Amino acid sequence: MLKRLLRRWRSGRPPIRSLQVEVSTLCQLACVYCPRTVAGSSWPGRILAWELYEKLAAGFGLFETVFLQGWGEPLTNPRFWDMVALAKNRGCKVGFTTNGLLFDAAAAERACRLGVDIITFTFAGATAATHQFYRAGADFAALLGTVRLLAATKKRLQAAKPLISVTYTQMRGNVRELPAAARLAAAIGAGQMTCGHLDCILAPALEEHAVFLNPAAGDEQDLVSAAVLARRAGLVFDAEPPRMGGEILVCEPYPLRVTVFVRADGTVVPCHMMALPAAAIERLYFRGRPYAYEPIVFGDLAQQPLAAILANAACGQLRQIFTARADPAVSAGAAIPDAPAFCTKCYKLYGV
(Lines give C-alpha, C1' and ligand atoms only; values in the text may rest on other atoms or scores of the structure.)
Protein backbone atom coordinates (compact mmCIF):
# COMPACT_ATOMS: atom_id res chain seq x y z
CA MET A 1 0.00 0.00 0.00
CA LEU A 2 2.81 2.43 0.84
CA LYS A 3 4.48 1.76 -2.52
CA ARG A 4 1.21 2.47 -4.29
CA LEU A 5 0.79 5.77 -2.45
CA LEU A 6 4.35 6.77 -3.26
CA ARG A 7 3.91 5.91 -6.95
CA ARG A 8 0.85 8.16 -7.14
CA TRP A 9 2.77 10.86 -5.27
CA ARG A 10 5.65 10.73 -7.75
CA SER A 11 3.28 10.68 -10.72
CA GLY A 12 1.97 14.09 -9.68
CA ARG A 13 -1.51 12.79 -8.87
CA PRO A 14 -2.27 13.38 -5.18
CA PRO A 15 -4.07 10.27 -3.88
CA ILE A 16 -6.10 12.34 -1.38
CA ARG A 17 -7.57 15.71 -2.29
CA SER A 18 -7.38 17.52 1.04
CA LEU A 19 -5.49 17.29 4.32
CA GLN A 20 -7.39 18.97 7.14
CA VAL A 21 -5.07 20.03 9.95
CA GLU A 22 -6.38 21.10 13.33
CA VAL A 23 -3.77 23.66 14.34
CA SER A 24 -5.66 24.68 17.50
CA THR A 25 -8.60 23.57 19.63
CA LEU A 26 -8.78 26.98 21.33
CA CYS A 27 -11.44 29.56 20.52
CA GLN A 28 -12.62 32.89 21.92
CA LEU A 29 -16.31 32.21 21.23
CA ALA A 30 -18.85 29.99 22.97
CA CYS A 31 -21.15 29.05 20.09
CA VAL A 32 -24.27 27.32 21.40
CA TYR A 33 -23.93 24.45 18.92
CA CYS A 34 -20.17 23.87 19.20
CA PRO A 35 -18.74 20.72 20.86
CA ARG A 36 -16.33 22.97 22.76
CA THR A 37 -19.23 24.75 24.46
CA VAL A 38 -21.12 21.55 25.24
CA ALA A 39 -18.00 19.88 26.68
CA GLY A 40 -17.20 22.89 28.87
CA SER A 41 -14.20 22.59 31.17
CA SER A 42 -13.48 19.02 30.03
CA TRP A 43 -12.51 20.27 26.55
CA PRO A 44 -8.71 20.05 26.11
CA GLY A 45 -7.10 23.24 24.85
CA ARG A 46 -4.32 22.27 22.46
CA ILE A 47 -2.01 23.96 19.98
CA LEU A 48 -0.47 21.79 17.27
CA ALA A 49 3.28 21.81 17.95
CA TRP A 50 5.49 23.23 15.22
CA GLU A 51 7.71 20.14 15.39
CA LEU A 52 4.75 17.88 14.59
CA TYR A 53 3.67 20.18 11.77
CA GLU A 54 7.14 19.97 10.24
CA LYS A 55 6.93 16.18 10.37
CA LEU A 56 3.50 16.37 8.78
CA ALA A 57 4.84 18.59 6.00
CA ALA A 58 6.95 15.71 4.72
CA GLY A 59 3.71 14.17 3.47
CA PHE A 60 2.18 17.28 1.89
CA GLY A 61 2.92 15.92 -1.57
CA LEU A 62 0.15 13.38 -1.03
CA PHE A 63 -2.43 16.19 -1.07
CA GLU A 64 -3.68 18.93 -3.34
CA THR A 65 -4.91 21.17 -0.52
CA VAL A 66 -3.90 21.73 3.09
CA PHE A 67 -6.81 23.17 5.06
CA LEU A 68 -5.73 24.58 8.43
CA GLN A 69 -8.83 24.29 10.57
CA GLY A 70 -10.48 21.92 13.04
CA TRP A 71 -12.54 22.23 16.23
CA GLY A 72 -10.98 25.57 17.16
CA GLU A 73 -9.89 28.97 15.84
CA PRO A 74 -6.71 28.45 13.76
CA LEU A 75 -5.34 31.96 14.28
CA THR A 76 -4.85 31.23 17.99
CA ASN A 77 -1.83 29.15 17.00
CA PRO A 78 1.20 31.52 17.30
CA ARG A 79 2.94 29.80 14.34
CA PHE A 80 -0.13 29.92 12.12
CA TRP A 81 1.33 32.07 9.35
CA ASP A 82 4.54 30.02 9.36
CA MET A 83 2.34 26.97 8.80
CA VAL A 84 0.64 28.68 5.87
CA ALA A 85 4.00 29.63 4.34
CA LEU A 86 5.41 26.11 4.69
CA ALA A 87 2.40 24.52 3.00
CA LYS A 88 2.52 27.06 0.15
CA ASN A 89 6.26 26.46 -0.27
CA ARG A 90 5.53 22.74 -0.66
CA GLY A 91 3.25 23.52 -3.60
CA CYS A 92 -0.10 22.96 -1.86
CA LYS A 93 -3.22 25.03 -2.07
CA VAL A 94 -3.98 26.43 1.39
CA GLY A 95 -7.20 27.48 3.06
CA PHE A 96 -8.67 28.01 6.49
CA THR A 97 -11.89 28.94 8.30
CA THR A 98 -11.90 31.72 10.90
CA ASN A 99 -14.25 33.56 13.23
CA GLY A 100 -12.44 36.76 12.20
CA LEU A 101 -11.59 38.03 15.69
CA LEU A 102 -7.81 37.86 15.15
CA PHE A 103 -7.93 38.71 11.46
CA ASP A 104 -6.65 42.28 11.23
CA ALA A 105 -5.06 44.47 8.54
CA ALA A 106 -1.69 42.73 8.93
CA ALA A 107 -3.35 39.32 8.53
CA ALA A 108 -5.18 40.46 5.41
CA GLU A 109 -1.92 41.64 3.85
CA ARG A 110 -0.09 38.43 4.76
CA ALA A 111 -2.88 36.29 3.36
CA CYS A 112 -2.75 38.12 0.04
CA ARG A 113 1.04 38.15 -0.24
CA LEU A 114 1.37 34.47 0.73
CA GLY A 115 -1.24 33.52 -1.84
CA VAL A 116 -3.68 31.80 0.52
CA ASP A 117 -6.21 30.19 -1.81
CA ILE A 118 -9.39 30.46 0.24
CA ILE A 119 -10.42 32.04 3.54
CA THR A 120 -13.84 31.21 4.96
CA PHE A 121 -15.60 33.38 7.52
CA THR A 122 -18.28 31.75 9.67
CA PHE A 123 -21.77 33.25 9.89
CA ALA A 124 -24.85 32.08 11.79
CA GLY A 125 -27.26 34.85 10.84
CA ALA A 126 -27.75 37.89 8.65
CA THR A 127 -28.45 40.16 11.63
CA ALA A 128 -26.44 40.93 14.73
CA ALA A 129 -29.14 39.51 17.03
CA THR A 130 -29.27 36.13 15.32
CA HIS A 131 -25.55 35.76 14.66
CA GLN A 132 -24.58 36.72 18.20
CA PHE A 133 -27.22 34.46 19.73
CA TYR A 134 -25.75 31.38 18.06
CA ARG A 135 -22.13 32.57 18.24
CA ALA A 136 -21.86 33.92 21.78
CA GLY A 137 -19.00 36.39 22.14
CA ALA A 138 -19.01 37.40 18.48
CA ASP A 139 -19.27 40.95 17.17
CA PHE A 140 -21.35 40.91 13.99
CA ALA A 141 -20.48 44.44 12.90
CA ALA A 142 -16.78 43.77 13.40
CA LEU A 143 -17.02 40.56 11.35
CA LEU A 144 -18.59 42.45 8.45
CA GLY A 145 -15.79 45.00 8.67
CA THR A 146 -13.15 42.26 8.66
CA VAL A 147 -14.50 40.69 5.47
CA ARG A 148 -14.66 44.12 3.82
CA LEU A 149 -11.08 44.76 4.93
CA LEU A 150 -9.84 41.61 3.22
CA ALA A 151 -11.75 42.48 0.04
CA ALA A 152 -10.25 45.98 0.05
CA THR A 153 -6.75 44.61 0.66
CA LYS A 154 -7.08 42.23 -2.28
CA LYS A 155 -8.14 45.11 -4.49
CA ARG A 156 -5.33 47.38 -3.29
CA LEU A 157 -2.69 44.71 -3.86
CA GLN A 158 -4.34 43.57 -7.09
CA ALA A 159 -4.27 40.04 -5.69
CA ALA A 160 -6.26 37.25 -7.29
CA LYS A 161 -6.26 35.32 -4.02
CA PRO A 162 -7.64 34.49 -1.54
CA LEU A 163 -11.15 33.57 -2.56
CA ILE A 164 -13.31 35.10 0.17
CA SER A 165 -15.94 32.64 1.32
CA VAL A 166 -18.83 32.85 3.75
CA THR A 167 -20.10 29.69 5.42
CA TYR A 168 -23.59 29.84 6.87
CA THR A 169 -24.77 27.16 9.27
CA GLN A 170 -28.48 26.55 8.65
CA MET A 171 -30.42 26.34 11.90
CA ARG A 172 -34.05 26.60 12.85
CA GLY A 173 -33.62 30.13 14.16
CA ASN A 174 -31.71 31.56 11.16
CA VAL A 175 -32.96 29.80 8.04
CA ARG A 176 -35.39 32.62 7.27
CA GLU A 177 -32.41 34.98 7.02
CA LEU A 178 -30.74 33.00 4.23
CA PRO A 179 -31.78 35.35 1.38
CA ALA A 180 -30.61 38.36 3.38
CA ALA A 181 -27.35 36.56 4.13
CA ALA A 182 -26.73 35.99 0.41
CA ARG A 183 -27.25 39.70 -0.31
CA LEU A 184 -24.98 40.59 2.59
CA ALA A 185 -22.21 38.21 1.51
CA ALA A 186 -22.10 39.82 -1.92
CA ALA A 187 -22.19 43.33 -0.47
CA ILE A 188 -19.15 42.78 1.78
CA GLY A 189 -17.01 41.33 -1.00
CA ALA A 190 -17.34 37.55 -0.70
CA GLY A 191 -16.99 35.43 -3.81
CA GLN A 192 -18.51 32.25 -2.43
CA MET A 193 -21.22 31.19 -0.01
CA THR A 194 -21.76 27.70 1.38
CA CYS A 195 -24.71 26.67 3.53
CA GLY A 196 -24.21 23.61 5.69
CA HIS A 197 -26.02 22.14 8.68
CA LEU A 198 -25.61 21.49 12.37
CA ASP A 199 -24.61 17.85 11.86
CA CYS A 200 -22.57 17.20 15.04
CA ILE A 201 -25.11 16.99 17.87
CA LEU A 202 -23.81 16.42 21.39
CA ALA A 203 -26.93 17.18 23.42
CA PRO A 204 -30.64 16.44 22.88
CA ALA A 205 -31.53 20.13 23.17
CA LEU A 206 -29.47 20.90 20.07
CA GLU A 207 -31.66 18.73 17.86
CA GLU A 208 -34.36 21.41 17.82
CA HIS A 209 -31.91 23.73 16.05
CA ALA A 210 -31.20 21.23 13.24
CA VAL A 211 -33.25 22.28 10.23
CA PHE A 212 -33.02 18.89 8.51
CA LEU A 213 -34.50 17.19 11.60
CA ASN A 214 -37.30 19.76 11.90
CA PRO A 215 -38.33 20.69 8.34
CA ALA A 216 -40.87 23.48 8.01
CA ALA A 217 -42.84 25.04 5.19
CA GLY A 218 -40.75 27.65 3.46
CA ASP A 219 -37.32 26.17 4.23
CA GLU A 220 -36.61 25.08 0.67
CA GLN A 221 -37.96 28.31 -0.78
CA ASP A 222 -35.66 30.35 1.46
CA LEU A 223 -32.70 28.30 0.24
CA VAL A 224 -33.76 28.67 -3.41
CA SER A 225 -34.22 32.41 -2.96
CA ALA A 226 -30.76 32.68 -1.43
CA ALA A 227 -29.27 30.72 -4.33
CA VAL A 228 -30.92 32.95 -6.92
CA LEU A 229 -29.80 36.13 -5.17
CA ALA A 230 -26.27 34.81 -4.75
CA ARG A 231 -25.88 33.82 -8.37
CA ARG A 232 -27.29 37.10 -9.62
CA ALA A 233 -24.63 38.81 -7.52
CA GLY A 234 -21.88 36.60 -8.98
CA LEU A 235 -21.42 34.48 -5.87
CA VAL A 236 -20.52 30.83 -6.16
CA PHE A 237 -23.27 29.20 -4.12
CA ASP A 238 -23.31 25.73 -2.60
CA ALA A 239 -25.86 24.42 -0.13
CA GLU A 240 -27.10 21.25 1.48
CA PRO A 241 -30.88 20.84 1.22
CA PRO A 242 -32.92 21.53 4.38
CA ARG A 243 -33.95 17.90 4.77
CA MET A 244 -32.47 14.50 5.49
CA GLY A 245 -32.48 11.72 2.91
CA GLY A 246 -31.66 8.04 2.93
CA GLU A 247 -28.22 6.52 3.19
CA ILE A 248 -25.88 7.53 0.38
CA LEU A 249 -22.98 5.44 -0.88
CA VAL A 250 -20.20 7.91 -0.10
CA CYS A 251 -20.36 10.88 2.27
CA GLU A 252 -19.08 14.35 1.42
CA PRO A 253 -15.80 13.95 3.39
CA TYR A 254 -15.15 10.60 1.62
CA PRO A 255 -12.30 9.62 3.97
CA LEU A 256 -8.95 8.78 2.35
CA ARG A 257 -10.10 9.97 -1.07
CA VAL A 258 -11.40 13.51 -0.47
CA THR A 259 -9.99 14.18 2.98
CA VAL A 260 -8.06 12.95 5.99
CA PHE A 261 -7.82 14.78 9.32
CA VAL A 262 -4.88 15.45 11.66
CA ARG A 263 -5.87 16.47 15.19
CA ALA A 264 -4.03 19.05 17.27
CA ASP A 265 -2.42 16.28 19.33
CA GLY A 266 -0.87 14.77 16.18
CA THR A 267 -3.22 11.81 15.82
CA VAL A 268 -4.64 10.97 12.39
CA VAL A 269 -8.35 10.22 11.90
CA PRO A 270 -10.60 9.84 8.84
CA CYS A 271 -12.60 13.08 9.07
CA HIS A 272 -13.75 15.97 11.27
CA MET A 273 -16.56 13.88 12.78
CA MET A 274 -13.98 11.50 14.23
CA ALA A 275 -11.71 14.32 15.36
CA LEU A 276 -13.44 15.20 18.61
CA PRO A 277 -11.39 14.55 21.77
CA ALA A 278 -12.68 11.28 23.24
CA ALA A 279 -11.63 12.37 26.74
CA ALA A 280 -14.18 15.21 26.58
CA ILE A 281 -16.90 13.71 24.39
CA GLU A 282 -18.57 10.52 25.60
CA ARG A 283 -21.57 10.41 23.30
CA LEU A 284 -23.23 11.91 20.25
CA TYR A 285 -26.91 11.92 19.29
CA PHE A 286 -28.42 10.50 16.14
CA ARG A 287 -32.15 10.74 15.48
CA GLY A 288 -32.81 11.38 19.15
CA ARG A 289 -30.78 8.49 20.48
CA PRO A 290 -27.37 8.64 22.17
CA TYR A 291 -24.50 6.44 21.10
CA ALA A 292 -20.97 6.07 22.42
CA TYR A 293 -18.38 8.20 20.67
CA GLU A 294 -15.58 5.87 19.60
CA PRO A 295 -13.48 7.46 16.85
CA ILE A 296 -11.25 5.53 14.50
CA VAL A 297 -7.63 6.59 15.02
CA PHE A 298 -5.19 5.58 12.29
CA GLY A 299 -1.97 6.56 14.02
CA ASP A 300 0.16 9.21 15.70
CA LEU A 301 2.60 11.54 13.94
CA ALA A 302 4.84 11.46 17.00
CA GLN A 303 5.45 7.78 16.29
CA GLN A 304 5.17 7.40 12.51
CA PRO A 305 5.38 9.56 9.38
CA LEU A 306 2.08 10.33 7.70
CA ALA A 307 2.77 8.23 4.60
CA ALA A 308 3.33 5.15 6.76
CA ILE A 309 0.14 5.80 8.74
CA LEU A 310 -1.89 6.12 5.54
CA ALA A 311 -0.51 2.79 4.37
CA ASN A 312 -1.51 0.80 7.46
CA ALA A 313 -4.18 -1.88 7.66
CA ALA A 314 -6.86 0.32 9.26
CA CYS A 315 -6.59 2.86 6.44
CA GLY A 316 -6.56 0.10 3.86
CA GLN A 317 -9.75 -1.44 5.23
CA LEU A 318 -11.66 1.86 5.31
CA ARG A 319 -10.39 2.80 1.86
CA GLN A 320 -11.50 -0.57 0.49
CA ILE A 321 -15.02 -0.19 1.91
CA PHE A 322 -15.63 3.26 0.44
CA THR A 323 -13.95 2.43 -2.87
CA ALA A 324 -16.29 -0.53 -3.27
CA ARG A 325 -19.34 1.55 -2.31
CA ALA A 326 -18.39 4.23 -4.84
CA ASP A 327 -17.53 1.85 -7.68
CA PRO A 328 -19.74 2.76 -10.70
CA ALA A 329 -18.98 -0.62 -12.25
CA VAL A 330 -20.92 -2.51 -9.55
CA SER A 331 -23.77 -4.29 -11.32
CA ALA A 332 -27.38 -3.73 -10.38
CA GLY A 333 -28.42 -5.98 -7.53
CA ALA A 334 -24.86 -6.62 -6.38
CA ALA A 335 -24.19 -6.53 -2.66
CA ILE A 336 -22.93 -3.17 -1.42
CA PRO A 337 -20.52 -3.28 1.52
CA ASP A 338 -21.92 -1.95 4.78
CA ALA A 339 -20.57 1.41 5.88
CA PRO A 340 -18.42 1.40 9.04
CA ALA A 341 -20.56 1.29 12.18
CA PHE A 342 -19.59 4.83 13.24
CA CYS A 343 -20.57 6.21 9.84
CA THR A 344 -24.08 4.74 9.97
CA LYS A 345 -24.78 7.09 12.90
CA CYS A 346 -23.32 10.14 11.18
CA TYR A 347 -25.64 12.53 9.38
CA LYS A 348 -23.08 12.99 6.61
CA LEU A 349 -23.92 9.49 5.36
CA TYR A 350 -27.47 10.68 4.79
CA GLY A 351 -26.61 13.66 2.59
CA VAL A 352 -26.58 16.28 5.34
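Reading the values: rules and limits
- Residues numbered from 1 in each chain as written.
- Predicted model: local features only at pLDDT ≥ 70, side-chain atom pairs only at ≥ 80, totals over all residues.
- Heavy atoms only, no water.
- Axes fitted to C-alpha atoms, helices over the stretch in contact; angles between N-to-C directions.
- Helix = DSSP H or I, 4+ residues; strand = E, 2+ residues; numbered from the N terminus.
- Parallel < 35°, antiparallel > 145°, perpendicular 65-115°, else oblique.
- Contact = heavy atoms within 4.5 Å.
- 1 Å grid on protein atoms, 1.4 Å probe; cavity = no way out; pocket = protein on both sides within 12 Å on 5 of 7 lines; lining within 4 Å.
- Points joined across faces, edges and corners; volume = space filled by probe spheres on them.
- Nonpolar A, V, L, I, M, F, W, Y, C, P; charged D, E, K, R; others polar.
- Pairing = 2+ DSSP bridges.
- Buried < 20%, exposed > 50% of the residue type's maximum accessible area, 1.4 Å probe, protein only.
- pLDDT = per-residue confidence, 0-100.
- Phe/Tyr/Trp six-rings, centres within 6.5 Å; stacked < 30°, edge-to-face > 60°.
- Lys NZ or Arg CZ within 6 Å of the ring centre and 35° of its normal.
- Right-handed = clockwise from strand over helix to strand, strands pointing away.
- Left-handed = near helix turned anticlockwise from the far one by under 90°.

So, on to the packing of helix 3 (residues 50–57) against helix 4 (residues 80–89). Where helix 3 contacts helix 4, the axes come no closer than 11 Å and their chain directions differ by 10 degrees. Judged on the interaxial angle alone, helix 4 and helix 3 are roughly parallel. For the pair helix 3 and helix 4, the contacting residues are Trp50, Tyr53 and Ala57 in the first and Asp82, Met83, Val84, Leu86 and Ala87 in the second.

When its volume is computed, the second largest pocket comes out at roughly 150 Å³. Along its surface, the second largest pocket is lined by Tyr291, Ala292, Glu294, Ile296, Pro340, Ala341, Phe342 and Lys345. Class assignment for the residues of the lining of the second largest pocket results in six nonpolar, no polar and two charged.

Turning our attention to the sheet that holds strand 1 (residues 16–21). What the ten strands build is an open sheet, ordered 9-8-7-5-4-3-1-10-11-14; its pairing is mixed. Two strands close off the open sheet at either side, each with one partner strand: strand 9 (236–239) and strand 14 (299–300). Pairing of strand 3 (residues 63–68) with strand 4 (residues 93–98), which is carried by three bridges, proceeds in the parallel orientation. Across the sheet, Phe67 pairs through a bridge with Gly95, a residue of strand 4. Its contacts with the sheet put helix 3 on strand 1, strand 3 and strand 10 (259–262), and the angle it makes with strand 1 is roughly 175 degrees.

Moving on to helix 8 (residues 178–187). Leu178, Pro179, Ala181, Ala182, Leu184 and Ala185 are the residues of helix 8 that are buried. Buried positions along helix 8 lie against helix 7 (140–157), strand 7 (163–170), strand 8 (192–197) and helix 9 (219–232). Just past helix 8, the residue Gly189 takes up positive phi, approximately 105 degrees.

Moving on: the confidence of the model for the protein. Per-residue pLDDT for the protein averages 94, and the proportion of residues at 70 or more is 95%. This model gives residues 1–11 a pLDDT under 50, and the stretch forms 19 contacts once residues within four places in sequence are excluded.

Attention shifts here to the packing of aromatic side chains. By the definition in use, this model includes 15 aromatic pairs. An aromatic cluster is defined as three or more aromatic residues linked by ring pairs; in this entry it consists of Phe212, Phe286, Tyr347 and Tyr350. The ring of Trp50 has Arg79 sitting right over it, with the charged end atom 4.1 Å from the ring centre. Positioned above the aromatic ring of Tyr350 is the side chain of Arg287, whose terminal nitrogen or guanidinium carbon lies 5.3 Å from the ring centre.

Here we take up the pairing of strand 4. Among the six residues of strand 4, five are classified as buried, and the element is accordingly described as predominantly covered. Here strand 4 pairs with strand 5 (residues 118–123) via four bridges, running parallel. For Thr97, the partnering residue across the bridge sits in strand 5 and is Thr120. Note that the unit made of strand 4, helix 5 (residues 105–114) and strand 5 has a crossover that is right-handed.

Where helix 8 meets helix 9, the axes come as close as 7 Å, and the angle between the chain directions of the two elements is 15 degrees. Between helix 8 and helix 9, the crossing angle belongs to the class labelled roughly parallel. For the pair helix 8 and helix 9, the sense of crossing is right-handed. Touching Leu178, Pro179, Ala182 and Arg183 of helix 8 are Asp222, Leu223, Ser225, Ala226, Leu229 and Ala230, all from helix 9. Class assignment of the residues belonging to the contact of helix 8 with helix 9 gives a composition of seven nonpolar, one polar and two charged.

Turning our eyes to something else, we now look at empty space enclosed by the protein. As enumerated under the stated definition, the model contains three cavities of 30 Å³ or more in all. Here the largest cavity defines a volume of roughly 80 Å³. For the largest cavity, the full set of lining residues is Cys251, Pro253, Pro255, Cys271, Met273, Met274, Phe342, Cys343, Cys346, Lys348 and Leu349. In the lining of the largest cavity, the residues fall into ten nonpolar, no polar and one charged.

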